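Coordinate analysis (summary)
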Amino acid sequence: MLIRYFKNPCLGREGIFMFTSDHQLRQLVFRTTSDFPYGVNTLAIGTLKFKVRILCYTLMNNHLHLLVMGHYEDCLAYFRWVLLRLAQMLKARYGISGVLKADAADVQYVTDSQMLLNEVAYLLRNAFKAQIDSPFSYPWAPFEVYFNPYLENIRGERFPNTDAAKRILGTHALIPENWEHRNGTILNKCFVDYRTAESMIGSGFALFNRVRKFDTESVIAQSHGVEELLTFTDNEMQEKIQAVCQNELHVASPHQLGRKDLLRLARTLAYRFSATKKQISRLLGIASDVLENAL
């Protein structure tokens, strides 16, 4: 359901809530490799400001999913704060405003452990469904923290002092001394409450089997010739976009292109690399109806 402030059935509840920002956005939220770490750090820092626990999340190019535990009003305040901070990032880095709005988001109340299992599996496989990456290696979801006996071996760097933490993360929040980061990104094990998620899910087999099921379905579809075209993940296509921009259009990124050259880039992706209209729209922020006329 869309978030509304009157007659909202989630009001007054305590439990687990799935928040999804508007995934129909034509503008990208996370545009470069530096935007995603900012998003992860925002989720982590928010847990220090609000009485909430993150059980799972995933960050996609044009939207995000958060599985949050606590009182609904606290969870909603946290979600709105996350969107506000990301909106401030878009404004500061790209001069873009009006993209992220809490009122256009969706929230679901997680009623039981089976629904929680489905929601966590859904978040972890989201990148695979979008043909971006494997659910087991996508860096902007916390797959590695669940049922991992070697989790303590995943190590990062400690922040040398409070001032360094604030400078690296761009916050005035007091960062816990035991938090670690890797290249400026806070490790998932520091802020994702995977233990609560594990206790409710019950077993790693149940979770991994649920995630793998979707992989298997895709493999079966390909073996029957349902998906015969060569496809590239979003990460691979981003590299091709960068190469075309630099080598053929003589700009550093597609954000520097005018309308004519942006559509020229879209046609190149479609005809040379078999990119779908949906993928082009997602990566370049071009409306689908414009692509229909251009391709």
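Source: prediction; values computed, not measured.

1. Focus: the sheet that holds strand 2 (residues 53-59)
On the basis of which strands lie adjacent, the open sheet formed by 4 strands has the order 2-3-1-4 and antiparallel pairing. Unpaired on one side and paired on the other, strand 2 and strand 4 (106-110) mark the two borders of the sheet. Strand-to-strand twist across the sheet, computed as the mean angle between neighbouring axes with direction ignored, equals 20°. Bridge count between strand 1 (residues 14-20) and strand 3 (residues 64-71): 7 bridges; the pairing is antiparallel. When the sheet's bridge partners are listed, Glu14 is paired in strand 3 with His71.

2. Some thoughts on the sheet that holds strand 6 (residues 180-182)
Taken together, the 3 strands give an open sheet; going across it, the order is 5-6-7, and neighbouring strands pair in antiparallel fashion. At either margin of the open sheet sits one strand with a lone partner, and together these are strand 5 (157-158) and strand 7 (185-186).

3. Focus on the pattern of salt bridges
According to the stated counting rule, one finds 4 salt bridges in the structure shown. Close ionic contact of Asp35 with Arg93 constitutes a salt bridge, the shortest N to O distance being 2.5 Å. Of this pair, Asp35 sits in helix 1 (residues 35-49) while Arg93 sits in helix 2 (residues 72-94), and the two are 58 residues apart along the sequence. A relative accessible area of 0% means that Asp35 is categorised as buried.

4. Focus on unusual backbone geometry
The backbone phi angle of Asn183 is positive, close to 55°, even though this residue is not glycine. Here Asn183 is to be found in the loop between strand 6 and strand 7. According to the relative accessible area criterion, Asn183 is exposed, its value standing at 74%. A positive phi angle, close to 60°, is found at His250, a residue other than glycine. Relative to the helices and strands, His250 is located in the loop between helix 8 (234-249) and helix 9 (259-273).

5. Some points on the nonpolar core
Core analysis: the biggest nonpolar cluster contains 73 residues, and Phe19, Leu67, Tyr146, Phe191 and Leu207 have the highest contact counts within it. Ile241, Leu262, Ala266 and Ile280 belong to the second-largest nonpolar core, a separate cluster that totals 21 residues.

6. Notes on helix 9
With 15 residues, helix 9 should cover 21 Å at 1.5 Å per step; its first-to-last C-alpha distance of 21 Å lies within 8% of that length. Of all the residues in helix 9, the buried ones are Leu262, Leu263, Leu265, Ala266, Thr268, Leu269, Ala270 and Phe273. Packed against the buried residues of helix 9 are helix 8, helix 10 (277-284) and helix 11 (288-294). Ser274 sits one or two positions beyond helix 9 and adopts a positive phi of about 60°.

7. A look at the confidence of the model for the protein
Across the protein, pLDDT averages 83, with 88% of residues at or above 70. Mean pLDDT per element in the protein: helix 7 (residues 204-223) is the minimum at 66, and strand 2 is the maximum at 97.

8. Re the packing of aromatic side chains
In the structure shown here, the tally under the stated rule is 12 aromatic pairs. Their ring planes at 20° and their centres at 4.8 Å tell us that Phe19 and Phe79 sit as a pair that is stacked. In this pair, Phe19 sits in strand 1 while Phe79 sits in helix 2, placing the two residues 60 residues apart along the sequence. Across the pair, Phe79 and Phe19 agree in class, each one buried. Here the aromatic rings of Phe136 and Phe143 are separated by 4.9 Å at their centres, their planes lie at 85°, and the arrangement is edge-to-face. Directly above the ring of Tyr109 sits Arg13, whose terminal nitrogen or CZ lies 4.4 Å from the centroid. We note Arg31 situated over the ring of Tyr94; from NZ or CZ to the ring centre the distance is 5.4 Å.

Here is what the cut-offs are and how they apply
Going along each chain's sequence as written, the residues are numbered from 1 onward. Note on the predicted model: pLDDT of at least 70 is required for a residue's local features to be given, and 80 or more for side-chain atom pairs to be given and counted; whole-chain, interface and lining totals, by contrast, use all residues. Only hydrogens and water are removed before side-chain values are computed, so all heavy atoms of the structure are retained for them. When DSSP locates at least two bridges between a pair of strands, those strands are taken to pair. Comment: elements are numbered from the N terminus, with helices defined as DSSP H or I runs of at least four residues and strands as E runs of at least two. Helix axes are fitted to C-alpha atoms over the stretch in contact, other axes to C-alpha atoms as well, and angles between N-to-C directions run from 0 to 180 degrees. Each reported salt bridge corresponds to a side-chain nitrogen of Lys or Arg within 4 Å of a carboxyl oxygen of Asp or Glu. Residue exposure (1.4 Å probe, protein chains only): buried if accessible area is under 20% of the type maximum, exposed if over 50%, otherwise partly exposed. To define a nonpolar core, start from buried Ala, Val, Leu, Ile, Met, Phe, Trp, Tyr and Cys residues and group those joined through side-chain atoms within 4.5 Å. To estimate the expected span of a helix, subtract one from its residue number and multiply by 1.5 Å. Residues are treated as being in contact if the distance between any of their heavy atoms lies within 4.5 Å. Known as pLDDT, the predictor's per-residue confidence is scaled from 0 to 100. Centres within 6.5 Å make a pair out of two Phe, Tyr or Trp rings, where for Trp the six-membered ring is used; the pair is then stacked when the planes are under 30 degrees apart, edge-to-face when over 60, and tilted otherwise. Here, a charge over a ring is recorded when the distance from Lys NZ or Arg CZ to the ring centre is within 6 Å and its angle to the ring normal is within 35 degrees.

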